[in-house]
Amino acid sequence: MITIDNVTVGYGKAGFITAVDNVSLTINENEILGIAGESGSGKSTLMRAVYGDFSTGLRIKSGTVTGHFTNAHNGQLIEEPSSEFKKLWWDQITYIPQGSMSVLNPLMKVEKQVIDGLPKRERRGSRADLRRRIAEFLAGFGLEENVLDAYPHQLSGGMRQRVLVAIAAFVNPRLILADEPTTALDVVVQKKILLMMVEIQRRLRNTLVLVSHDMGVHYQITDRLVIMYKGKIVESGPTAEIFANPQHDYTKNLIASLPRLHGRRSADVAGELA
Ligand code: ADP
Ligand code: MG
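Note that the structure is a prediction, hence the values are computed from the model and not measured.

Asker: Talk me through the packing of helix 3 (residues 110–117) against helix 4 (residues 127–139); I want residue IDs and the actual numbers.
Answerer: Where helix 3 contacts helix 4, the axes come no closer than 11 Å and their chain directions differ by 95°. In terms of axis orientation, helix 3 runs roughly perpendicular to helix 4. Taking contact as the criterion, the partners of Glu111, Lys112, Val114 and Ile115 in helix 3 are, on helix 4, Arg127, Leu130, Arg131 and Ile134. Residue classes in the contact of helix 3 with helix 4 are distributed as 4 nonpolar, no polar and 4 charged.

Asker: Mind laying out the coordination of the magnesium ion (ligand 2), listing which residues take part and the relevant values?
Answerer: At 2.1 to 2.2 Å from the magnesium ion (ligand 2) lie its protein donor atoms, namely Ser44 (OG) and Gln98 (OE1). Taken together, the residues span a long stretch of sequence, with Ser44 in helix 1 (residues 43–51) and Gln98 in the loop between strand 6 (93–96) and helix 3 at a distance of 54 residues. Note on Gln98: relative accessible area 46%, which makes it partly exposed.

Asker: Summarise the site of ligand 1; cite the residues concerned and give the values.
Answerer: Ligand 1 sits among Tyr11, Ala19, Glu38, Ser39, Gly40, Ser41, Gly42, Lys43, Ser44, Thr45, Arg48 and Thr56. A distance of 3.2 Å separates an oxygen atom of ligand 1 from a polar backbone atom of Ser41. Within the side chain of Arg48, a nitrogen or oxygen atom sits 3.4 Å from a nitrogen atom of ligand 1. Protein chains shield 61% of the accessible area of ligand 1, which is 560 Å² for the free molecule. At 4 residues, the largest contribution of residues to the shell around ligand 1 is made by helix 1. Tallied by class, the residues present in the shell around ligand 1 amount to 2 nonpolar, 7 polar and 3 charged.

Asker: Describe in detail the packing of aromatic side chains, supporting the description with residues and values.
Answerer: Within the structure shown, the criterion is met by 5 aromatic pairs. Between Tyr219 and Phe243 the ring centres are 5.0 Å apart and the planes differ by 70°, which places this aromatic pair in the edge-to-face class. Highlighted residues: Tyr219 in helix 7 (residues 215–221) and Phe243 in helix 8 (residues 239–244), separated in sequence by 24 residues. In this structure Phe243 comes out as buried when scored by relative accessible area, which is 12%. Feature note: the residues Phe137, Phe141 and Phe170 constitute an aromatic cluster, connected by ring pairs.

Asker: Before we move on, can you summarise the pairing of strand 9 (residues 224–229) with the specific residues and values?
Answerer: Counting buried positions along strand 9 yields 5 of 6 residues, so the element is predominantly enclosed. With 4 bridges joining them, strand 3 (residues 32–36) and strand 9 adopt parallel strand pairing. Its bridge partner being in strand 9, Ala36 is matched across the sheet by Ile227. Pairing analysis gives 6 bridges linking strand 9 to strand 10 (residues 232–238), with the strands arranged antiparallel. What sits directly across from Tyr229, in strand 10, is Lys232. Hairpin connection between strand 9 and strand 10: a loop of 2 residues separates the two successive antiparallel strands, and Lys230 in this loop has a positive phi of roughly 50°.

What counts as what
- The numbering scheme is per chain: residues are counted from 1 as the chain's sequence reads.
- Chains and ligands are labelled by the order in which they are written, letters from A for the one and numbers from 1 for the other.
- Given that this is a predicted model, residues contribute local features only at a pLDDT of at least 70 and side-chain atom pairs are listed and counted only at 80 or more, while totals for whole chains, interfaces and linings are drawn from all residues.
- Working from all heavy atoms in the structure, the side-chain values ignore hydrogens and water.
- Between N-to-C directions, angles span 0 to 180 degrees; the directions come from axes that are lines fitted to C-alpha atoms, helices contributing only their stretch in contact.
- Secondary structure elements are defined from DSSP: runs of H or I of at least 4 residues count as helices, runs of E of at least 2 residues count as strands, and each element is numbered from the N terminus.
- Angles are sorted into four bins: roughly parallel if under 35 degrees, roughly antiparallel if over 145, roughly perpendicular if 65 to 115, and oblique for all others.
- Any two residues whose heavy atoms approach within 4.5 Å are treated as being in contact.
- Each residue receives one of three labels: charged for Asp, Glu, Lys and Arg, nonpolar for Ala, Val, Leu, Ile, Met, Phe, Trp, Tyr, Cys and Pro, and polar for the others, Gly being one of them.
- Here the term donor refers to an N, O or S atom within 2.8 Å of the metal (or 3.2 Å for Na, K and Ca), and because water is left out of the atoms, sites may appear incomplete.
- Burial here depends on accessible area, computed with a 1.4 Å probe over protein chains only, as a share of the maximum for the residue type. Under 20% is buried, over 50% is exposed, and the range in between is partly exposed.
- A molecule or strand has a residue near it when one of that residue's heavy atoms lies within 4 Å.
- Here a polar contact is taken to be a pair of N or O atoms separated by no more than 3.5 Å, where protein atoms must pair a possible hydrogen donor with a possible acceptor and residues adjacent in sequence count only if both atoms sit in side chains.
- Each accessible area is a Shrake-Rupley estimate made with a 1.4 Å probe; only the visible protein chains count as cover when residues are assessed.
- We call Phe, Tyr and Trp rings a pair once their centres come within 6.5 Å, taking the six-membered ring for Trp, and we label the pair stacked below 30 degrees between planes, edge-to-face above 60, and tilted otherwise.
- Pairing between strands is defined by DSSP: at least two bridges between them are needed.

Here's what the structure looks like:
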């Protein structure tokens with residue numbers, strides 16, 4: 001679905017500081033792909049490169065990111081994408097940036113923020129009709145319509161994150177990039193949101209790329225796992241295999257540092273969702 005080919009990207013106006021170093025990776029249809037690695041290893045930078053988010057000063061040194069979308073909205077990522085390209089690309093991909101829980105505007109009710117955040121094509125029809133469609137969709141994830149009338153501070157952190165995740169899915173993207181979506185939430189809420197993300201992925205049969213520094217999260221829900229270290233991919237493969245038989249010392253350390261593998265593999269998660 002996406003081919004990342006020898007991508008080197010980084011930051012800096014005067015000099016170039018490499019953050020992702022010659023990374024190649026294929027993102028497949030209908031999978032949950034995990035990106036793991038310690039803080040500063042380049043996970044968020046890689047997501048920005050895939051989405052084409054240059055707002056943080058990201059610069060491309062070399063390499064390509066190519067989309068192979070079934071409806072022929074193919075394209076290659078370049079530093080200053082044309083608006084036509086952006087439209088094609090961003091129609092297919094929803095990106096939940098790291099720390100997005102805090103980006104909800106505290107002074108604006110959830111409904112307005114949700115509607116303003118939707119792509120134009122989703123804003124067709126009357127406001128009442130749109131609200132009804134959003135409320136129905138939220139109900140499918142156990143969220144009541146009145147969350148739309150709340151200000152963000154009236155919702156718990158977990159609720160806010162559930163709203164963001166549900167809205168990311170509302171536009172039916174082929175690919176959802178979620179950067180540390182559950183970090184900073186307590187374990188119980190984290191688990192609920194992860195289950196919700198698995199459910200969304202199954203329902204839409206799309207692809208979820210889940211970035212987390214927490215190996216426990218990957219153990220619970222990802223199908224395939226990529227380990228990043230200092231801007232490079234040091235290991236990748238089916239998640240179960242990596243946990244059973246890690247090859248790289250860095251991966252062994254990450255796994256060994258887990259206090260205990262609580263939670264369960266996705267097969268059991270499926271049972272829980274049924
Ligand atoms: P991770 O998400 O794995 O914690 P990042 O992609 O955020 O890693 O960071 C990779 C490297 O890029 C780090 O050295 C970090 O300091 C640097 N970096 C990240 N964002 C920026 C930015 N906006 N400007 C400059 N350097 C950045
Ligand atoms: Mg990050």
